[in-house]
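# Structural features, examined
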Amino acid sequence: MSIVLSNISKKFGQFSALDHIDLEIPEGELVALLGPSGCGKTTLLRIIAGLERPDDGKVLLSGEDKTDHDVRKRGIGFVFQHYALFRHMTVFDNVAFGLRVKPTKTRPSEAIIRKNVHDLLNLVQLDWLHDRFPDQLSGGQRQRIALARALAVEPKVLLLDEPFGALDASVRKELRLWLRHLHNELNVTTIFVTHDQEEAMEVASQIVVLNHGKIEQKGTPTQIYDEPKNDFVSQFIGHTNVFHLENDGDTWLKGSSIVLDNTDGITAHVRPHHIGVEKLDENASSPISLKDWQHLGATIRLELTNDEFKGTAKVIYAEMPSDQFKQSRLKKGDKVALFIRQAHWFNLEKPHVPEAATNF
Amino acid sequence: MTAITQEINNPKTSVTASALRDPDWLKYGLIAVALSFIFLFLCLPLGLVVFQALSKGFGAFLSALSQADTLAAMKLTLLTALVTVPLNTVFGIAAAWSITRFEFKGKSFLTTLIDLPFSVSPVISGVIFVLLFGMQGAFGEWLSDHDIKIIFAVPGIVLATLFVTFPFVARQLIPLMQEMGCEEEEAALSLGASGWQMFFQITLPNIKWALLYGVLLCNARAMGEFGAVSVVSGHIRGLTNTLPLHVEVSYNDYDVVGAFASASILASLAIVTLILKTLLEWKQGTR
């Protein structure tokens, strides 16, 4: 089921949670709504679900206007952040709930319900827990039961609110991949909310970056990472060095021989792995030296400082493959030469004038 | 040697025990004070009620209880509880629901209002109803024109009891429902449940023990209420005397056995309530 949101706005008192959101999600996508806390991502998810009404705008599911339909009539499955399993029911009864509350005419027989529920529990690999109560399960198990329960009513859209937020790091890693594979298997349009950019990059086929109730950028993980539209997206996704060339700490970069591929802006965002580092002789005249380094597994992170601007110049982070690091025989305190291979330029010094404000 | 092994095997208990150990005289002194207080102010009066009720033998006790006026008082008490408890259960659930599930102006004011019967003296609650529905009251004339009797009649007693016992159910439910949040209910709706299905299959099972507890307290108060009922009842024997009023009337008539026999019924009700309350708390604790 495709989803179209047009001009959605929502205020809580004076606080504008969502500000004229337009978004199209084609059928079958696995979309991440990504943003810092308080950016409106959960509100947007709840509006798609029908748990919240927008102040303004329309929600179209499969081309039909469903703005005024309540959550029961939207054909969605919702997985809550804290799972919201019915605590007085067994796992089996939890999953069967959606089928048992159907009106008599459309309700399947108890035998079919039993088969469907066991099939779903097998799908999430937890059929052996069917007679347990929710408080006897681990976090990861509850998460999967909540998913099975939402899938029982055969939703056309699956909505997940911070699905991995309350889980241990190891369980989270495992469930991320599992969710992606499950999506490939079921091919149900799926939207999930997260504040973790790594999680969004790893799981989603499309990422929508939100900030202050507005969409900053929408695209595939590759697009978002390689072509960030603005400085917010660039800084929010992955690590990045920010150089304000007009500011004290970074003016030395302008006069230096460090290569920047082009200079069409005032602020440069440079990914650590886009900085090349080469060891120099003891008596070479480079102002930059290696302050410290950390082992991150396949890559090594280098902390570089400019000795001439002690105190004002900030640390530059670079990354290189650990094999290359071993070959280069870099040590702490070594003089190095820098090469910036690629940068994203943003004109931050000019105040950003919104379009609507220019017409007076 | 054995002491050391014990300490290693059981480090937590031994540490807390030695750190928190009081001198024996303090421990036993405090226990003695508490026990004698309970004996003096709880057990002794309760025992006295039973003793006085049976002071002229079991036959006198039974015949006091089987008097027409006593039976009428029991019937009226039961009737009052039978009307007020279900009504206040429904009111209490509705009030708790609206306070915990909706945002509206004046919500905190409503929460305060629910507590009003607790903070107002029951006698004043009674007087309010006399001022409203009595002969000289606001609606008195209209009521007597239409031949409706409220004050000095059963409806007045029911109304006063209703007012006094209103907060019990709501007070039990509001904190619980606030703590539970509405995620489970939203989940039920998202799975296609109707409002009633959500209430009976999700909300009610989650609040049932607190609800029962509130109903129990409400019932105990409905049967035992004296002040408010005393003002509106008019003390007409066999007609508008509830059991607590009957105790007072009998005692004023020097019918000691009658008064204490009725009192023993009320006291046993209190004990049954206590036992049920403990059972419910235990049940709530295990869930």
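Now for a quick tour of the structure. Numbers given for residues are sequential positions, taken from 1 along each chain in its written order. Starting at A for chains and at 1 for ligands, labels are handed out in the order in which the entities are written. Local features are withheld for residues below a pLDDT of 70 in this predicted model, meaning they are given only at 70 or higher, and side-chain atom pairs are given and counted only at 80 or more; totals for whole chains, interfaces and linings count all residues. Calculated side-chain values reflect all of the structure's heavy atoms, with hydrogen atoms and water omitted.

## With respect to the packing of aromatic side chains
To be explicit about the condition: Only Phe, Tyr and Trp rings are paired, with Trp represented by its six-membered ring, and only when their centres lie within 6.5 Å; those with planes under 30 degrees apart are stacked, over 60 edge-to-face, the remainder tilted. Counting from the N terminus, the helices are the DSSP runs of H or I reaching at least four residues and the strands are the DSSP runs of E reaching at least two. Using a 1.4 Å probe on the protein chains alone, a residue whose accessible area is under 20% of its type maximum counts as buried, one over 50% counts as exposed, and one in between counts as partly exposed. When the NZ atom of lysine or the CZ atom of arginine is within 6 Å of a ring's centre and also within 35 degrees of its normal, the charge is said to sit over that ring.
Under the counting rule described, the total for this entry stands at 15 aromatic pairs over all chains. Where Phe232(A) meets Phe236(A), the ring centres are 5.4 Å apart and the plane angle is 15°; that geometry is what we call stacked. With Phe232(A) and Phe236(A) both in helix α8 (residues 231-236) and 4 residues apart, this pair spans about one turn of that helix. Both residues of the pair, Phe232(A) and Phe236(A), belong to the buried class. Pairing Phe118(B) with Phe168(B) gives two aromatic rings, centres 5.2 Å apart and planes at 80°, and the pair type is edge-to-face. One end of the pair, Phe118(B), is in helix α6 (residues 107-119); the other, Phe168(B), is in helix α10 (residues 167-180), and 50 residues separate them in sequence. A relative accessible area of 42% means that Phe118(B) is categorised as partly exposed. Given the relative accessible area of 13%, Phe168(B) is considered buried. Site record: aromatic cluster; members linked through ring pairs are Trp97(B), Trp196(B), Phe199(B) and Phe200(B). Against the face of Trp178(A) rests Arg144(A), its NZ or CZ located 5.9 Å from the ring centre. The ring of Tyr225(A) has Arg271(A) lying over it, and the distance from NZ or CZ to the ring centre is 4.0 Å.

## Topic: the interface of chain A and chain B
Put simply, the rule reads: Here, two residues are considered to be in contact whenever any of their heavy atoms come within 4.5 Å of each other. Values labelled buried area give the accessible surface lost by two parts on being combined, using a 1.4 Å probe and summing over both. Take a side-chain nitrogen of Lys or Arg and a carboxyl oxygen of Asp or Glu: if they are within 4 Å of each other, that pair is a salt bridge. Charged residues are taken to be Asp, Glu, Lys and Arg, nonpolar residues to be Ala, Val, Leu, Ile, Met, Phe, Trp, Tyr, Cys and Pro, and polar residues to be all remaining types, Gly included.
The interface of chain A with chain B comprises 21 residues on the first partner and 18 residues on the second. The junction of chain A with chain B conceals about 1800 Å² of combined surface from both sides, 59% of it contributed by carbon and sulfur atoms. It is Arg72(A), Arg87(A) and His88(A) that lose the most area in chain A upon contact with chain B, and together they represent 32% of the buried surface on that side. Where chain A touches chain B, the interface holds 2 salt bridges. A salt bridge links Glu184(B) to Arg87(A), with the shortest nitrogen-to-oxygen separation between them at 2.7 Å. Elements with a minimum of two residues in the side of chain A that touches chain B: β6 (76-79), α2 (91-100) and α4 (139-151) of chain A. Residues that form the side of chain A that touches chain B fall into these classes: 13 nonpolar, 4 polar and 4 charged.

## So, the sheet that holds strand β5 (residues 64-65) of chain A
Picture the strands of a sheet paired through backbone hydrogen bonds; they go either parallel or antiparallel. Residues and elements named next belong to chain A. Spelled out, the test is: Note on pairing: two strands pair once DSSP finds at least 2 bridges between them.
An order of β2-β1-β4-β5 is seen for the 4 strands of this open sheet, with the pairing classed as antiparallel. Two strands in the sheet have a free side with no partner beyond their single neighbour: β2 (15-25) and β5. Summarising the sheet, strand β1 (residues 3-12) and strand β4 (residues 56-61) pair through 5 bridges and their orientation is antiparallel. Opposite Ser-9, over in β4, you have Asp-56 as the bridge partner.

## Digging into the pattern of salt bridges
What the rule picks out here adds up to 18 salt bridges over all chains. A salt bridge links Arg100(A) to Asp93(A), with the nearest nitrogen and oxygen atoms 2.9 Å apart. Here Arg237(B) makes a salt bridge to Asp253(B), at a shortest N to O gap of 1.9 Å. Of this pair, Arg237(B) sits in the loop between α13 (227-233) and α14 (243-252) while Asp253(B) sits in the loop between α14 and α15 (256-286); the two residues are 16 residues apart in sequence, bridging distant segments of the chain. Residue Asp253(B) is classed as partly exposed on the basis of its relative accessible area, which comes to 40%. Overlapping salt bridges, with partners in common, bring together Arg176(A), Asp196(A), Glu199(A) and Glu202(A) in one network.

Read these as geometric descriptors, not functional statements.
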